[in-house]
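Here is what each chain is made of, one letter per residue.
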Amino acid sequence: MTRHEVDLRERVRRLPGMERLLPALEGLPPTYLVGGAVRDLLRGAADAVDLDLAVEGDARSVGRALADRLGGVAREHERFGTATVRAGELVFDLATTRRETYHEPGALPRVEAASLDEDLGRRDFTINAMAVGLSGDDLGHLYDPCGGVADLEE
């Protein structure tokens, strides 16, 4: 593990609620912190407001399992395969890693499961197309297939 990954692992652990969330993820499908929270961690921000998680698996069932483990509730959004979990002060959104297709401009997407790399590749900006592993030995591993770190540094 690189020094950068050790540092990122520690930054993730210091995020509000991670002391509860990380153990609750044990035994569940691979899960990643994505979006603005990753960008903010890399910038050195002390905490992330929005915790968006991508799951290589069924995010709705993972949401139910996490809500149960954390003593909270999960609100499922069937059409997009997502869930929002609330457990006291800890609130986070889960989405299945996915690809999206559009039948016409402005239409809602058709969503289907895909790899993490495909999911990151569909995002709007390179600095939003990064993920940090949250599961087991992958904790703190940065996934940056689109060069978001270089763009963030510029």
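Relevant structure appears above.
What comes next is a walk through the structure. Computed from a prediction, not measured in an experiment: that's the story for all the values here. (Residues numbered from 1 in each chain as written. Predicted model: local features only at pLDDT ≥ 70, side-chain atom pairs only at ≥ 80, totals over all residues. Heavy atoms only, no water.)

**Things to note about the pairing of strand β3 (residues 73-77)**
Both faces of the sheet carry side chains from a regular strand, because those side chains alternate between them.
Move 1: Of the strand pairs in this sheet, β3 and strand β4 (residues 82-87) are connected by five bridges, and their pairing is antiparallel. If you follow Glu-76 over to β4, its bridge partner there is Ala-83.
Move 2: What sits between β3 and β4 in their antiparallel hairpin is a turn of four residues, with Gly-81 showing a positive phi close to 65°. (Pairing = 2+ DSSP bridges. Helix = DSSP H or I, 4+ residues; strand = E, 2+ residues; numbered from the N terminus.)

**Thoughts on the pairing of β4**
Move 1: Of all six residues that make up β4, five are buried, and the element is covered over most of its length.
Move 2: As paired strands, β4 and strand β5 (residues 90-96) are joined by six bridges and run antiparallel to one another. Across the sheet, Ala-87 pairs through a bridge with Leu-90, a residue of β5.
Move 3: A loop of two residues connects β4 with β5, the two strands running antiparallel in sequence, and Gly-88 in this loop sits at a positive phi of about 65°. (Buried < 20%, exposed > 50% of the residue type's maximum accessible area, 1.4 Å probe, protein only.)

**Section: the environment of Glu-118**
Move 1: Along the chain, Glu-118 falls in helix α5 (residues 116-121).
Move 2: The exposure class of Glu-118 is partly exposed, given its relative accessible area of 35%.
Move 3: Spatially, the C-alpha atom of Glu-118 lies 7.8 Å from that of Thr-97, the residues being 21 residues apart in sequence.
Move 4: Those residues in contact with Glu-118 that sit more than four places away from it in its chain are Arg-98 and Arg-99. (Contact = heavy atoms within 4.5 Å.)

**A closer look at the pattern of salt bridges**
Move 1: Overall, the coordinates contain six salt bridges when judged by the stated rule.
Move 2: Arg-39 is the salt-bridge partner of Asp-40, the closest N and O atoms lying 3.3 Å from each other.
Move 3: Arg-43 is the partner of Asp-40 in a salt bridge, and the nearest nitrogen-oxygen pair spans 3.3 Å. Taken together, the residues span about one helical turn, with Asp-40 and Arg-43 both in helix α3 (residues 36-43) at a distance of three residues. (Salt bridge = Lys/Arg side-chain N within 4 Å of Asp/Glu carboxyl O.)

**A short note on the sheet that holds strand β1 (residues 31-34)**
Move 1: Within the open sheet, the seven strands sit side by side as β3-β4-β5-β2-β1-β8-β9. Their pairing is mixed. This sheet does not close on itself; its edge strands, each paired only once, are β3 and β9 (142-143).
Move 2: Pairing between strand β2 (residues 52-55) and β5: four bridges, direction parallel. Considered in β5, the bridge of Asp-52 is made with Asp-93.
Move 3: Contacts from helix α4 (residues 59-70) reach β2, β3, β4 and β5, with the element oriented near 155° to β5. (Axes fitted to C-alpha atoms, helices over the stretch in contact; angles between N-to-C directions.)

**Let's talk about the nonpolar core**
Move 1: Residues Leu-21, Leu-33, Leu-66, Leu-70, Phe-92, Leu-94 and Leu-134 are the most contacted members of the largest nonpolar core, which totals 32 residues.
Move 2: At the level of elements, α1 (3-14), α2 (18-24), α3, β2, α4, β4 and β5 are the ones that each hand at least two residues to this core.
Move 3: A total of five residues in this core trace back to one element, the largest contributor, which is α4.
Move 4: When neighbours within four sequence positions are excluded, Leu-134 is seen to be in contact with Val-12, Leu-22, Leu-25, Thr-31, Tyr-32, Leu-33, Leu-53 and Leu-139.
Move 5: Residues Val-34, Leu-116, Ala-129 and Ala-131 belong to the second largest nonpolar core, which totals seven residues. (Core = buried A, V, L, I, M, F, W, Y, C linked by side-chain atoms within 4.5 Å.)

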